[in-house]
Amino acid sequence: MACNANKTHLLRAIAKRGYATCPRPVGDISAVSVNVLENKLVVATADATVPVSRVSIVLGAGSRNEAYDTLGASHLLRLAGGLSTQNSSAFAIARNIQQVGGTLTTWGDREVVGYTVETTADNVETGLRYLQDLLQPAFKPWELKDNAKTLHNQLDGVTREQRAIELVHKAAFRTGLGNSIYIPRFQLGNLSTESLLHYVANTFSASRAAVVGVGIDNNTLSGFAQTLEFPSGGGKTASANYFGGDARKDTTGQRATVAVAGLGGSIANPKEALAFAVLEQAVGAGAATKRGNSSGLFGEAANSAGGSRPSSVRALNTSYSDAGLFGFVVSSEAKDIGKTVEFLVRGLKSGSVSEKDVARGKALLKARIISKYSSDGGLIKEIGRQAALSRNVLEADTLIAAIDGITQQQVQEAAKKVAGSKLSVGAIGNLENVPYASDLA
Amino acid sequence: MASYIARKGPSVFSKLGRWAYNMSRFNQYGLHRDDCLYENEDVKEAIRRLPRKIYDERNYRIMRALHLSMTKTILPKEQWTKYEEDVKYLEPYLNEVVKEREEREDWNKNH
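Each chain carries its own residue numbering, running from 1 in the direction its sequence is written. Chain labels run from A onward and ligand labels from 1 onward, assigned in the order the entries are written. The predicted nature of this model means local features are confined to residues of pLDDT at least 70 and side-chain atom pairs, given and counted, to a pLDDT of 80 or more, with totals for whole chains, interfaces and linings taken over all residues.

1. Thoughts on the sheet that holds strand 9 (residues 312-319) of chain A
Residues and elements named next belong to chain A.
Here is step 1: Read across the sheet, five strands follow the order 7-11-8-10-9 without closing on themselves; strand pairing throughout is mixed. At either margin of the open sheet sits one strand with a lone partner, and together these are strand 7 (245-250) and strand 9. When strand polarity is set aside, the average angle formed by the axes of neighbouring strands in this sheet is 15 degrees.
Here is step 2: As defined by bridge partners, strand 8 (residues 255-263) adjoins strand 11 (residues 424-429) across six bridges and the pair is classed as antiparallel. A strand pair is defined by DSSP finding two or more bridges across the two strands. Per the convention used, a helix needs a DSSP run of H or I reaching at least four residues, while a strand needs a run of E reaching at least two, with both numbered from the N terminus. Only the stretch in contact is used when a helix axis is fitted, and all axes are lines through C-alpha atoms; the angle between N-to-C directions ranges over 0 to 180 degrees.

2. Structural notes on the UniProt feature "domain: Peptidase M16 N-terminal" (unreviewed entry) in chain A
Here is step 1: UniProt tags residues 42-184 of chain A as "domain: Peptidase M16 N-terminal" (unreviewed entry).
Here is step 2: In this annotation, residues 42-184 of chain A is assigned 39% helix and 19% strand; the end-to-end C-alpha distance for the span is 32 Å. UniProt positions are given in the numbering used here, feature names are shortened, and annotations may be inferred rather than shown by experiment.

3. Some details on the environment of L274 of chain A
All names here are of chain A.
Here is step 1: Looking at the secondary structure, you find L274 in helix 10 (residues 270-283).
Here is step 2: In this structure the C-alpha to C-alpha distance between L274 and A402, which are 128 residues apart in sequence, comes to 8.0 Å.
Here is step 3: Those residues in contact with L274 that sit more than four places away from it in its chain are A402, I403 and I406. We call two residues in contact when their backbone-placed C-beta atoms lie within 7 Å.

4. Concerning the interface of chain A and chain B
Here is step 1: With seven residues of chain A at the interface, the matching set in chain B holds eight residues.
Here is step 2: No other element matches the four residues that helix 3 (residues 90-99) of chain A contributes to the side of chain A that touches chain B.
Here is step 3: Only Asp, Glu, Lys and Arg are considered charged in this grouping, and only Ala, Val, Leu, Ile, Met, Phe, Trp, Tyr, Cys and Pro are considered nonpolar; every other residue, Gly among them, is considered polar. Across the side of chain A that touches chain B, the residue classes break down as three nonpolar, three polar and one charged.

5. Some details on the sheet that holds strand 1 (residues 32-36) of chain A
Residues and elements named next belong to chain A.
Here is step 1: In space, the six strands of this open sheet follow the order 1-2-6-3-5-4, with mixed pairing throughout. Looking along the sheet, the strands with just one partner apiece sit at the ends: strand 1 and strand 4 (103-108). For this sheet the average axis-to-axis angle between neighbouring strands, irrespective of direction, equals 15 degrees.
Here is step 2: Bridge analysis of strand 2 (residues 42-46) against strand 6 (residues 210-214) gives five bridges, and the strand direction is parallel. From the neighbouring strand, A46 faces strand 6, where its bridge partner is V214.
Here is step 3: On top of the sheet, helix 14 (residues 376-390) reaches strand 1, strand 2, strand 3 (52-59), strand 4, strand 5 (113-120) and strand 6; it is set at about 160 degrees to strand 6, its chief contact.

Pasting the structure below:
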């Protein structure tokens, strides 16, 4: 590489400046500065509460970009965070980052895959040195093979609830957003190095990526981001189509986990997405107290269905760049699940939210958002996702003000939208009594 | 995977090299140079990393050679491996394995 010398010089400057960043007081919400580079790469930074720097590269390589024959590629990208890259070996990455007490983690969802490196502020140079290499993964065939067990373990660790959510996505969107964020079992060992590199070349483009940092100065990070070499990245994300229907997986046991959803709000329409987020909290996004009941419409509906109490019911709300899902996930005894789902769908279809519910929803949502923004670990993910998807980052204050601006009417409209939408059912477990989507219409 | 394309023939052609190659006799069994490497830890790891097809071809050549040796025969001359056609298929993998080992050793020395 021709510009290696240039890089080291720059990184040295970063380390020096790293000492100078002043941590913000604990509990304070940091201002976020956003900078868009010439190649459309978004660089966003915020101050940290402790002298620990977190830097993420967020790439638009989530599972929605997978074709049928590359299903699971994004899961392997998450796995590849610990594998060799074209410039450095897995050994070097692991040891060098460990040596300075840092960590390198990967995360991802249907839209993005993110690599986060976390080091003390004075060692950020080492972290960035190996973070930039992750843009050129090597996917050595023997390393993929050696890590097949890890993939198996990860798949075994996926909860029933999560699998129901994957299934409901599949029913709702079929392809694209319908792709699971976990590699399907039939693809284990079938993804070749070449097809993975092709996937990377298509999806790792600067115009869909973001470099975000917490506890690092924006100028410094922009300088680092400018030296990043993105593969050309010609691929385009196909827009999502909502279909609705069923995706069921029968397994042994006496329990069933069911996710039912209709069309929700997309990030492209922030007002609607926020209204759905308020609605999620209003109808019951999970218990507020430990082992408590979920309050709101869904909690009540599940209770009035009778039978043994469902072990969990919570609202499901996901917003993607051009579509969204809204509904619920419930898990219960197989003999009771039919009635529970029926009652919950009746609640979902009623399309009504009281003023009291909206007020509670707003309060809960605000609390969740502030708690996300106030921890460094939460903040980096939040701004990473926002920067990659909407190419801009909203500060906590703006977001809170926007939530305050959501009226009951808007939440009502959101509820009506999902009530009028065709439903999707994703179910796993003992499905004897689980209704089909056509029965719920 | 452009970096794993194997070198064919010797790096420097010479008459002496050809004479030495033919004197070694392994080519009369249809073997290539990389089939005859002593299997130390590095070579074992490099062999493990070979793509399936190359790995199978290697095993076939070795089994054929064992069979020929057992029956005290050699291949007909037109099937001998030629000096110019000896494929160093293991070399790129072996170099990488050695480099990785040296990296580990360096690290252990310095930390």
